[in-house]
Amino acid sequence: MRRAVMISVHVALWTASLLGAYALRFEFRIRPEHAAVLAVSLPFLLIFRLAAFYLGGLFRGLWRYTGARDLAGIIRWTSLSSVAYLTFLHLGFRGFSRSVVAIEWLTAVLVVGGTRFLARYLYARRYVVAEPGLTRLRVLVIGAGDAGEMILREIHKRHASRYEPVGLVDDDPAKRGEQIHGVRVVGTTEEIPEVARDLRVDEAIIAVPSATGAQMRRLVDLCKQAGVRFKTMPGVDQLIDGHVSVSQLRDVAIEDLLGRDPVKLDMAAISGTIAGRVVLVSGAGGSIGSEICRQVCRFAPAALVLVERAENNLFHIHRELLARFPGVELVPCIGDVSDSARMAEVFERRKPAIVFHAAAHKHVPMMEWNPGEAVKNNVFGTKTLADVADRYGVERFVMISTDKAVNPTSVMGASKRVAEIYVQALSQRSKTRFVTVRFGNVLGSAGSVVPIFKEQIAAGGPVTVTHPEMTRYFMTIPEASQLVLEAGAMGNGGEIFILDMGEPVKIADLARELITLSGLTPGEDVEIVFTGMRPGEKLFEELSVDSESADKTGHPKIFVGRFRPHAWEQVQRQLHDLAASVDHPAEVRKRFAEIVPEFKQPVAAVPAPAGRPVNAPASPDVLPAPRAASA
């Protein structure tokens, strides 16, 4: 029925177009001979048009979704049928008016296209009527580019009952006064406070998916000055097919403010390393390990072996990967990397070609209080897995390390540095390419500072920071994991790759930003308190040591440390002594100092009773002196 109505409407429009063309051409005085040509040729015109539109699929479209592509189709198939009609007139009639054909073609395009766009307009207008009791939000769109245009188009199309776009702002002053979908560019981003006040803006949408962290911080600050709520959209690397929708809008996260440029990967090199091979990831249920699993699955491995000792974590990542990557063979293996028999069994059955070793204890204070466990897991877990990889002829072994291994002041950092030393020493005598990738903190990893701060803010505070000058390097979990894959692909064996972490961030500033993003005021709604440095912590992290001066690689965010050889016999003897001291904390620290001469511990490394935190002042410019941790 719908198709019959659509065809009938088109027949009526084409008939009116031809009649109108004759009327316009002959000033509404059609002579009998022209009327005869009109009567005879009209059925043929309709046949030509119906055939052309049928072949072009123009009777199958929904008018309420008419767009530029439909208009192009109307022009194309109307032109083709007009050529057929003109040929018919030339062969069958003498003295016909060619200008009538031209006028009819133009009229047909206008009335058919106009009718469809009118239907789309009327359909969209039903979204403009606000629901009873619902006030439309006055929205300012920040960014008059492709993303801003898509947001406006979707608001007009689907969300006009909820949102009323009142203006655009853009950093390009040349765009001032221009319009996108009827919404005018009213100023630059620097004018956001004034524009928001003049236009009575309720909410701002930051439509700049390519914004860096610094740019996002600036836009957020301007929105705060304007006193308006603000939302943003995913970054360019997270948008599906580059399309933006209102449903993707979300609150600005701390990752946006600390964000960096999207990682550009050498897809061919990574694919050449992973595609068609069996890959094993240890610590597969952890924050970094699980993301490495996700990234590996993108490159079509022959199978992915997930090694994890925490059953629940393994269950969740295995279930997620099954849903997201049904074409990848997944092998979940519960096991401890320190269990040599279990690891040998896994390697014997699955024969992995590439290993990403992400299993480790990572919390600095916990390892200070349990140094023997750091030795068992971080040192001898790595040794066990590396030895098994060497024995079974693994092609590449990529160990995940940390910036805390540089001039370590903690048991955790020292344990990772010892693991680095062993892997480098083994690489000198193995066919397996052993490489290490070293980076700092990742945003949002389990038990890291950001989730802890969010929990404290949700509980009403206080937010606890150890020291007002404490700084750390941060990167996102996907960025770190992607760069791990890139470094693993470029390694030849023995290297320590160092990821570019950008500029260090003060933890106190991070706390203030998170409180502000939660719609609260630091020092008023939520207090910041300084509790004193914890055992093993240092104020500033480093990513390389002097004798390891980093050289550039082919990737702008990956550097490689200068190789430092380690005598195999000496390393073996030192690890033997370390294993004998595993149940004696003081002896563990002594052995670490022998293996890692730069290992220093400025803070007492024993559990300290919880003391009363020091209240942070309301003004961030005046900070109290840090309180020393009790011994």
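The structure reproduced in this document is the subject of the present report. This structure is a prediction, so every number in the text was calculated from the model and none was measured. (Residues numbered from 1 in each chain as written. Predicted model: local features only at pLDDT ≥ 70, side-chain atom pairs only at ≥ 80, totals over all residues. Heavy atoms only, no water.)

Things to note about the overall build of the protein chain
Using the following cut-off: To qualify as a helix, a DSSP run of H or I must reach at least 4 residues; to qualify as a strand, a run of E must reach at least 2; elements of each kind are numbered from the N terminus. Between buried and exposed lies partly exposed: a residue is buried under 20% and exposed over 50% of the maximum accessible area for its type, with that area taken using a 1.4 Å probe on protein chains only. Here a residue-residue contact requires only that any non-hydrogen atoms of the pair lie within 4.5 Å. Each accessible area is a Shrake-Rupley result for a 1.4 Å probe, and residues are judged covered by the shown protein chains and nothing else.
On a plain count of helices and strands, the protein chain comes out with 20 helices and 23 strands. Per-residue burial for the protein chain yields a buried fraction of 50% across its 631 residues. Within the protein chain, contacts between residues separated by at least 24 positions form 77% of all contacts whose residues are at least 6 apart in sequence. Of the accessible surface of the protein chain, which amounts to about 29200 Å², a share of 55% is contributed by carbon and sulfur atoms.

Brief notes about the packing of aromatic side chains
Under the convention used in this document: Planes of paired rings set the category: under 30 degrees apart is stacked, over 60 is edge-to-face and the rest tilted, where pairs are Phe, Tyr or Trp rings (Trp by its six-membered ring) whose centres lie within 6.5 Å.
Tallying each qualifying case throughout the model produces seven aromatic pairs. With a centroid separation of 6.3 Å and an interplanar angle of 70°, the aromatic rings of F48 and F88 are classed as edge-to-face. Residue F48 is found in helix α2 (residues 32-55), and its partner F88 is found in helix α3 (residues 68-92); the two are separated by 40 residues along the sequence. Judged by relative accessible area, F48 falls into the partly exposed class, the value being 23%.

Focus: the pairing of strand β4 (residues 183-187)
Note the threshold: At least two DSSP bridges between two strands are required for those strands to pair.
The buried fraction of β4 is high, at four of five residues. With two bridges connecting them, strand β2 (residues 163-169) and β4 associate as parallel partners. Of the residues in β4, the one forming a bridge with V169 is G187. Of the strand pairs in this sheet, strand β3 (residues 179-180) and β4 are connected by two bridges, and their pairing is antiparallel. By the bridge assignment for β4, I180 is matched with V183. The antiparallel pairing of β3 with β4 creates a hairpin that spans two residues between the two strands, and H181 there sits at a positive phi of about 50°.

A short note on the nonpolar core
As a rule of thumb, nonpolar side chains are buried together in soluble globular proteins. Applied cut-off: For the purposes of this section, nonpolar cores are sets of buried Ala, Val, Leu, Ile, Met, Phe, Trp, Tyr and Cys residues that join through side-chain atoms within 4.5 Å.
Counting residues in each nonpolar core, the largest one holds 47 residues, and the members touching the most others are V305, F347, F397, V418, L575, L578 and F592. Ranked by the residues each element gives to this core, the list is headed by helix α15 (residues 411-427), at ten residues. F397 has contacts with V355, H357, L385, A386, A389, T432, R433, F434 and V435, leaving out every residue within four places of it along the chain. Judged by nonpolar contacts, the second largest core, of 39 residues, contains L306, L321, V437 and I477.

Some words on the packing of helix α14 (residues 371-391) against helix α20 (residues 585-595)
Put simply, the test is: All axes are obtained by fitting lines to C-alpha atoms, using only the stretch in contact for helices, and the reported angles, taken between N-to-C directions, cover 0 to 180 degrees. Geometric relationships in this document are graded by angle, where less than 35 degrees denotes roughly parallel, more than 145 denotes roughly antiparallel, 65 to 115 denotes roughly perpendicular, and other angles denote oblique. In this count, Pro and Cys sit with the nonpolar residues alongside Ala, Val, Leu, Ile, Met, Phe, Trp and Tyr, while Asp, Glu, Lys and Arg are called charged and the others, Gly among them, polar.
Where α14 meets α20, the closest approach of the two axes is 8 Å, and the angle between their N-to-C directions is 50°. The orientation of α14 relative to α20 falls into the category oblique. Where α14 approaches α20, its residues P371, V375 and V379 are matched on the opposing element by P585, V588, R589 and F592. Grouping the amino acids of the contact of α14 with α20 by side-chain chemistry returns six nonpolar, no polar and one charged.

Here's the deal with helix α11 (residues 311-324)
Heads up, the rule is: The span you would expect from a helix comes to 1.5 Å times its residue count less one. Each direction from the helix axis to a C-beta atom contributes to the arc, which is the arc of those directions.
Relative to the 20 Å expected for 14 residues at 1.5 Å per residue, α11 spans 20 Å between its end C-alpha atoms, a close match to the ideal helical length. Residues of α11 that are buried: L314, I317 and L321. Buried positions in α11, seen along its axis, are confined to an arc of 75° and lie on one side of it. Turned more than 90 degrees away from the buried face of α11 sit E311, N312, R319 and A323, all of them exposed. In this fold, the buried residues of α11 make contact with α10 (287-297), β9 (303-308) and β10 (330-334).

A closer look at the environment of G494
Within the secondary structure layout, G494 lies in the loop between α17 (477-490) and β18 (496-499). In this structure the C-alpha to C-alpha distance between G494 and A425, which are 69 residues apart in sequence, comes to 7.7 Å.

Description of the pattern of salt bridges
The cut-off we apply is this: The term salt bridge refers to a side-chain nitrogen of Lys or Arg lying within 4 Å of a carboxyl oxygen of Asp or Glu.
Counted according to the given criterion, the structure contains 30 salt bridges. Salt-bridge contacts for D198 lead to R197; the nearest nitrogen and oxygen are separated by 3.9 Å. As far as the burial class goes, D198 and R197 line up, both exposed. The salt bridge involving K506 is made with E469; its shortest N-O contact spans 3.0 Å. Note that K506 is positioned in strand β19 (residues 505-506) and E469 in the loop between β15 (463-465) and β16 (471-472), a separation of 37 residues in sequence. By relative accessible area, K506 is classed as partly exposed at 30%. Residue classification places E469 among the partly exposed positions, given a relative accessible area of 30%. Overlapping salt bridges, with partners in common, bring together E291, R294, E320 and R324 in one network.

Topic: the environment of V201
On the secondary structure map, V201 appears in the loop between α6 (192-198) and β5 (203-206). The class for V201 is buried, based on a relative accessible area of 9%. Sequence spacing of V201 and E164 is 37 residues, and the spatial spacing of their C-alpha atoms is 9.6 Å. What V201 contacts, discounting residues up to four positions off in sequence, is R138, L140, V166, V195, A196 and V228.

Brief notes about the side chain of N377
Positionally, N377 belongs in helix α14. Taking relative accessible area as the criterion, N377 reaches 7% and is therefore assigned buried. Other than its neighbours up to four places away in sequence, N377 contacts R309, D336, V337, S338, A360, H361 and T382.

Some words on unusual backbone geometry
Omega for the peptide link from G461 to P462 comes to 0°, which places this bond in the cis form. Tracing the sequence through the fold places P462 in the loop between α16 (449-458) and β15. The residue A300 is not glycine, and still its phi comes out positive at about 50°. With respect to the element layout, A300 can be found in the loop between α10 and β9. Look at N407: it is not a glycine, yet its phi comes out positive at around 45°. Here N407 is to be found in the loop between β12 (396-402) and α15.

What to know about the pairing of β18
Covered by surrounding structure in β18 are I496 and I498 together with F497 and L499, the residues of both alternating faces. In the sheet, strand β13 (residues 433-439) pairs with β18 via three bridges, with the strands oriented parallel. Bridge assignment links R438 to a residue of β18, and that residue is I498. Looking at chain direction, β18 and strand β22 (residues 558-561) are connected through four bridges and run antiparallel. Looking at the pairing, F497 lines up with V560 of β22.

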